[in-house]
Amino acid sequence: MTKLEIAPSILPADFGQLGPTLQDLQAAGVDRVHWDVMDGVFVPNLTVGAPVIESCRRWSDLPFEAHLMIVDPDRHVESFVRAGCELVIIHAEATAHLHRSLGLIRSLGARAGVALNPSTPPSAIEYVMDLLDVILVMTVNPGFGGQRYLASVEPKIASLAALRDLTNPTTRIEVDGGVAPDTLAGVVENGGEIVVSGSALFAHPGGLRAGVEAFHAIAE
Ligand code: DX5
Ligand code: ZN
(Lines give C-alpha, C1' and ligand atoms only; values in the text may rest on other atoms or scores of the structure.)
(Ligands and ions follow the chains in the order given, each with its own letter.)
Protein backbone atom coordinates (compact mmCIF):
# COMPACT_ATOMS: atom_id res chain seq x y z
CA MET A 1 0.00 0.00 0.00
CA THR A 2 1.47 3.36 -0.96
CA LYS A 3 1.49 6.02 1.77
CA LEU A 4 -1.94 7.61 2.21
CA GLU A 5 -2.22 11.05 0.67
CA ILE A 6 -4.44 13.68 2.23
CA ALA A 7 -6.20 16.32 0.14
CA PRO A 8 -8.15 18.71 2.37
CA SER A 9 -11.30 20.18 0.86
CA ILE A 10 -11.17 23.97 1.07
CA LEU A 11 -14.94 24.11 1.59
CA PRO A 12 -14.95 24.44 5.43
CA ALA A 13 -12.32 27.21 5.36
CA ASP A 14 -13.01 30.89 6.03
CA PHE A 15 -13.07 32.18 2.43
CA GLY A 16 -11.88 35.54 3.74
CA GLN A 17 -8.69 33.90 5.01
CA LEU A 18 -7.83 31.44 2.27
CA GLY A 19 -4.19 32.50 1.99
CA PRO A 20 -3.31 31.95 5.64
CA THR A 21 -5.40 28.77 5.67
CA LEU A 22 -3.32 27.39 2.81
CA GLN A 23 -0.19 28.16 4.79
CA ASP A 24 -1.64 26.35 7.81
CA LEU A 25 -2.55 23.33 5.65
CA GLN A 26 0.96 23.18 4.22
CA ALA A 27 2.47 23.43 7.72
CA ALA A 28 0.15 20.65 8.89
CA GLY A 29 1.65 18.28 6.33
CA VAL A 30 -1.20 17.73 3.87
CA ASP A 31 -0.26 16.51 0.39
CA ARG A 32 -2.46 18.58 -1.91
CA VAL A 33 -5.39 21.03 -1.85
CA HIS A 34 -8.84 19.98 -3.08
CA TRP A 35 -10.82 22.92 -4.48
CA ASP A 36 -14.52 22.14 -4.55
CA VAL A 37 -15.88 24.10 -7.48
CA MET A 38 -19.68 24.19 -7.61
CA ASP A 39 -21.88 25.99 -10.16
CA GLY A 40 -25.30 25.84 -8.48
CA VAL A 41 -26.59 23.79 -11.44
CA PHE A 42 -24.83 20.42 -11.40
CA VAL A 43 -25.03 20.68 -7.61
CA PRO A 44 -27.17 23.04 -5.49
CA ASN A 45 -24.29 25.06 -4.04
CA LEU A 46 -22.17 27.81 -5.60
CA THR A 47 -18.56 28.17 -4.42
CA VAL A 48 -15.38 29.50 -6.07
CA GLY A 49 -14.12 29.87 -9.62
CA ALA A 50 -10.70 30.00 -11.26
CA PRO A 51 -9.93 33.65 -10.29
CA VAL A 52 -10.08 32.79 -6.59
CA ILE A 53 -7.79 29.80 -7.06
CA GLU A 54 -5.40 31.89 -9.14
CA SER A 55 -5.21 34.52 -6.40
CA CYS A 56 -4.41 31.80 -3.86
CA ARG A 57 -1.73 30.09 -5.95
CA ARG A 58 1.08 32.22 -4.52
CA TRP A 59 0.20 31.29 -0.89
CA SER A 60 1.27 27.66 -1.10
CA ASP A 61 3.58 25.26 -2.92
CA LEU A 62 1.09 22.44 -2.54
CA PRO A 63 -0.37 20.87 -5.69
CA PHE A 64 -3.87 22.17 -6.40
CA GLU A 65 -6.65 19.94 -7.72
CA ALA A 66 -9.96 21.27 -8.99
CA HIS A 67 -13.02 19.11 -8.39
CA LEU A 68 -15.37 20.57 -10.99
CA MET A 69 -18.96 19.99 -9.94
CA ILE A 70 -20.17 21.97 -12.92
CA VAL A 71 -22.17 21.26 -16.06
CA ASP A 72 -20.36 21.22 -19.41
CA PRO A 73 -16.89 21.45 -17.81
CA ASP A 74 -15.08 21.82 -21.17
CA ARG A 75 -16.00 25.52 -21.03
CA HIS A 76 -13.85 26.12 -17.94
CA VAL A 77 -11.09 23.48 -17.89
CA GLU A 78 -8.45 25.78 -19.39
CA SER A 79 -9.10 28.54 -16.85
CA PHE A 80 -8.49 26.14 -13.95
CA VAL A 81 -5.29 24.87 -15.49
CA ARG A 82 -4.10 28.45 -16.03
CA ALA A 83 -5.09 29.25 -12.42
CA GLY A 84 -2.54 26.69 -11.27
CA CYS A 85 -4.42 23.39 -10.89
CA GLU A 86 -2.15 20.49 -11.91
CA LEU A 87 -5.07 18.04 -11.69
CA VAL A 88 -8.57 18.73 -13.03
CA ILE A 89 -11.35 16.34 -12.04
CA ILE A 90 -14.61 16.39 -13.95
CA HIS A 91 -17.81 14.45 -13.33
CA ALA A 92 -18.65 11.61 -15.70
CA GLU A 93 -22.28 12.70 -15.28
CA ALA A 94 -21.59 16.31 -16.35
CA THR A 95 -20.35 15.84 -19.91
CA ALA A 96 -21.82 14.10 -22.92
CA HIS A 97 -18.33 13.40 -24.29
CA LEU A 98 -16.17 12.20 -21.40
CA HIS A 99 -13.39 10.84 -23.61
CA ARG A 100 -13.03 14.18 -25.41
CA SER A 101 -13.21 16.18 -22.14
CA LEU A 102 -10.45 14.14 -20.54
CA GLY A 103 -8.36 14.53 -23.68
CA LEU A 104 -8.83 18.30 -23.47
CA ILE A 105 -7.50 18.37 -19.88
CA ARG A 106 -4.44 16.36 -20.88
CA SER A 107 -3.85 18.48 -23.97
CA LEU A 108 -3.50 21.48 -21.65
CA GLY A 109 -0.70 19.74 -19.75
CA ALA A 110 -2.71 18.92 -16.63
CA ARG A 111 -3.44 15.53 -15.11
CA ALA A 112 -6.98 14.28 -15.73
CA GLY A 113 -9.42 12.90 -13.19
CA VAL A 114 -13.00 11.70 -13.29
CA ALA A 115 -15.46 11.84 -10.39
CA LEU A 116 -18.24 9.26 -10.04
CA ASN A 117 -21.38 10.01 -8.05
CA PRO A 118 -22.48 7.29 -5.62
CA SER A 119 -24.93 5.74 -8.11
CA THR A 120 -22.61 5.78 -11.14
CA PRO A 121 -21.12 2.35 -11.91
CA PRO A 122 -17.46 1.65 -12.75
CA SER A 123 -18.57 0.68 -16.27
CA ALA A 124 -19.06 4.40 -16.97
CA ILE A 125 -15.27 4.83 -17.23
CA GLU A 126 -14.29 1.42 -18.59
CA TYR A 127 -13.32 2.87 -21.99
CA VAL A 128 -11.42 5.93 -20.75
CA MET A 129 -9.13 4.27 -18.22
CA ASP A 130 -6.11 4.99 -20.43
CA LEU A 131 -6.79 8.73 -20.01
CA LEU A 132 -7.16 8.72 -16.22
CA ASP A 133 -4.60 9.84 -13.70
CA VAL A 134 -7.18 9.84 -10.88
CA ILE A 135 -10.61 8.35 -10.19
CA LEU A 136 -12.49 10.35 -7.55
CA VAL A 137 -15.00 8.08 -5.86
CA MET A 138 -17.79 10.13 -4.26
CA THR A 139 -18.90 8.70 -0.93
CA VAL A 140 -21.51 11.45 -0.56
CA ASN A 141 -23.89 13.02 -3.04
CA PRO A 142 -21.92 16.08 -4.19
CA GLY A 143 -22.82 19.64 -3.29
CA PHE A 144 -22.18 19.98 0.41
CA GLY A 145 -19.53 19.31 3.02
CA GLY A 146 -20.25 17.68 6.35
CA GLN A 147 -22.45 14.90 5.00
CA ARG A 148 -22.65 11.30 6.20
CA TYR A 149 -20.21 8.84 4.60
CA LEU A 150 -21.96 6.28 2.37
CA ALA A 151 -20.37 2.95 3.31
CA SER A 152 -22.51 1.34 0.58
CA VAL A 153 -20.04 2.77 -1.96
CA GLU A 154 -17.08 0.80 -0.52
CA PRO A 155 -17.52 -2.21 -2.84
CA LYS A 156 -17.30 0.23 -5.75
CA ILE A 157 -13.94 1.50 -4.46
CA ALA A 158 -12.69 -2.09 -4.54
CA SER A 159 -14.13 -2.68 -8.02
CA LEU A 160 -12.47 0.45 -9.36
CA ALA A 161 -9.14 -0.52 -7.82
CA ALA A 162 -9.43 -3.91 -9.53
CA LEU A 163 -10.33 -2.25 -12.85
CA ARG A 164 -7.28 0.00 -12.44
CA ASP A 165 -5.01 -2.97 -11.75
CA LEU A 166 -6.23 -4.60 -14.95
CA THR A 167 -6.19 -1.58 -17.26
CA ASN A 168 -3.98 1.27 -16.00
CA PRO A 169 -1.80 0.71 -12.91
CA THR A 170 -0.76 4.39 -12.92
CA THR A 171 -4.30 5.57 -12.09
CA ARG A 172 -4.79 6.59 -8.46
CA ILE A 173 -7.98 5.96 -6.44
CA GLU A 174 -9.16 9.01 -4.49
CA VAL A 175 -12.20 9.01 -2.16
CA ASP A 176 -14.24 12.09 -1.38
CA GLY A 177 -17.04 12.71 1.07
CA GLY A 178 -17.51 12.07 4.77
CA VAL A 179 -13.98 10.74 5.20
CA ALA A 180 -13.11 10.91 8.90
CA PRO A 181 -11.19 8.90 11.50
CA ASP A 182 -14.18 6.58 11.92
CA THR A 183 -14.65 5.94 8.19
CA LEU A 184 -11.05 6.01 6.95
CA ALA A 185 -10.30 2.34 7.62
CA GLY A 186 -13.07 1.23 5.26
CA VAL A 187 -11.74 3.55 2.56
CA VAL A 188 -8.19 2.22 2.82
CA GLU A 189 -9.21 -1.45 3.14
CA ASN A 190 -11.12 -1.17 -0.16
CA GLY A 191 -8.30 0.49 -2.07
CA GLY A 192 -8.55 4.22 -1.43
CA GLU A 193 -5.08 5.80 -1.73
CA ILE A 194 -5.86 9.52 -1.56
CA VAL A 195 -8.59 10.92 0.68
CA VAL A 196 -10.38 14.22 0.57
CA SER A 197 -11.45 15.48 3.95
CA GLY A 198 -13.18 18.72 4.77
CA SER A 199 -15.21 18.85 7.96
CA ALA A 200 -13.41 16.03 9.82
CA LEU A 201 -9.96 17.51 9.25
CA PHE A 202 -10.83 21.15 9.90
CA ALA A 203 -12.86 20.24 12.99
CA HIS A 204 -10.23 17.91 14.49
CA PRO A 205 -10.01 18.81 18.19
CA GLY A 206 -6.23 18.83 18.13
CA GLY A 207 -6.00 21.07 15.07
CA LEU A 208 -4.94 20.41 11.47
CA ARG A 209 -1.57 18.76 12.16
CA ALA A 210 -3.07 16.42 14.77
CA GLY A 211 -5.79 15.59 12.28
CA VAL A 212 -3.25 14.75 9.57
CA GLU A 213 -1.29 12.61 12.00
CA ALA A 214 -4.45 10.82 13.14
CA PHE A 215 -5.37 10.00 9.53
CA HIS A 216 -1.89 8.58 8.85
CA ALA A 217 -1.91 6.54 12.07
CA ILE A 218 -5.21 4.92 11.11
CA ALA A 219 -4.13 4.22 7.53
CA GLU A 220 -0.85 2.52 8.48
C1 DX5 B 1 -18.78 17.46 -1.78
C2 DX5 B 1 -17.31 17.74 -2.03
C3 DX5 B 1 -16.42 17.13 -1.00
C4 DX5 B 1 -16.75 17.60 0.41
C5 DX5 B 1 -15.82 16.98 1.40
O6 DX5 B 1 -19.53 17.84 -2.90
O7 DX5 B 1 -16.90 17.25 -3.28
O8 DX5 B 1 -15.06 17.41 -1.31
O9 DX5 B 1 -16.65 19.01 0.48
O10 DX5 B 1 -16.17 17.49 2.67
P11 DX5 B 1 -16.45 16.47 3.89
O12 DX5 B 1 -15.13 15.81 4.17
O13 DX5 B 1 -16.92 17.38 5.00
O14 DX5 B 1 -17.49 15.50 3.43
ZN1 ZN C 1 -14.74 17.31 -3.65
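Residues numbered from 1 in each chain as written. Chains lettered and ligands numbered in written order. Predicted model: local features only at pLDDT ≥ 70, side-chain atom pairs only at ≥ 80, totals over all residues. Heavy atoms only, no water.

- If you look the protein up in an unreviewed UniProt entry, it shows as Ribulose-phosphate 3-epimerase from Acidimicrobium ferrooxidans.
- Under the UniProt heading Function (unreviewed entry), the note attached to the protein is "Catalyzes the reversible epimerization of D-ribulose 5-phosphate to D-xylulose 5-phosphate."
- Entered under Catalytic activity (unreviewed entry) in the UniProt record, the comment concerning the protein runs "D-ribulose 5-phosphate = D-xylulose 5-phosphate". (UniProt positions renumbered as here; feature names shortened; annotations may be inferred.)

Overview of the coordination of the zinc ion (ligand 2)
Then step 1. Within the first shell, the zinc ion (ligand 2) binds the protein through His34 (NE2), Asp36 (OD), His67 (ND1) and Asp176 (OD), at distances of 2.1 to 2.3 Å.
Then step 2. For the zinc ion (ligand 2), the six donor atoms are set out with angles of 73 to 174° between them, so the coordination reads as octahedral.
Then step 3. Coordination of the zinc ion (ligand 2) draws on donor residues from a single chain, spaced H-x1-D-x30-H-x108-D in sequence. Of the two residues, His34 is situated in strand β2 (residues 33–38) and His67 in strand β3 (residues 64–69); the sequence distance between them amounts to 33 residues.
Then step 4. For His34, a relative accessible area of 0% translates into the label buried.
Then step 5. Judged by relative accessible area, His67 falls into the buried class, the value being 0%. (Donors = N, O, S within 2.8 Å, 3.2 Å for Na, K, Ca; no water. Tetrahedral: all angles 85-135°; square planar, octahedral: opposite > 155°, others 65-115°. Helix = DSSP H or I, 4+ residues; strand = E, 2+ residues; numbered from the N terminus. Buried < 20%, exposed > 50% of the residue type's maximum accessible area, 1.4 Å probe, protein only.)

Considerations on the pattern of salt bridges
Between side chains of opposite charge, a pair can form as their charged atoms come close.
Then step 1. One pass over the full model with this rule turns up eleven salt bridges.
Then step 2. Of the charged contacts, one joins Arg172 and Glu5 as a salt bridge, the two residues approaching to 3.2 Å between their closest N and O atoms. Highlighted residues: Arg172 in strand β7 (residues 172–176) and Glu5 in strand β1 (residues 5–8), separated in sequence by 167 residues.
Then step 3. A salt bridge links Arg111 to Glu86, with the shortest nitrogen-to-oxygen separation between them at 2.9 Å. A residue pair is termed long-range when its members are at least 10 positions apart, and Arg111 in strand β5 (residues 111–116) and Glu86 in strand β4 (residues 85–91) qualify at 25 residues. (Salt bridge = Lys/Arg side-chain N within 4 Å of Asp/Glu carboxyl O.)

Topic: the site of ligand 1
Then step 1. In the vicinity of ligand 1 lie 20 residues, with Asp36, Gly143, Asp176, Gly198 and Ser199 positioned nearest.
Then step 2. The separation between an oxygen atom of ligand 1 and a polar side-chain atom of Ser9 is 3.4 Å.
Then step 3. At 2.7 Å, a side-chain N or O of Asp176 approaches an oxygen atom of ligand 1.
Then step 4. Protein coverage of the free-state accessible area of ligand 1, which is 380 Å², stands at 99%.
Then step 5. For the shell around ligand 1, the secondary-structure elements that each account for two or more residues are β2, β3 and β8 (194–197).
Then step 6. Broken down by element, the residue count for the shell around ligand 1 peaks at three residues, all from β2.
Then step 7. When the residues that make up the shell around ligand 1 are grouped by side-chain class, the tally is seven nonpolar, eleven polar and two charged. (Near = heavy atom within 4 Å. Polar contact = N/O pair within 3.5 Å; in protein donor to acceptor, adjacent residues only side chain to side chain. Areas by Shrake-Rupley, 256 points an atom, 1.4 Å probe, with all protein chains shown as cover. Nonpolar A, V, L, I, M, F, W, Y, C, P; charged D, E, K, R; others polar.)

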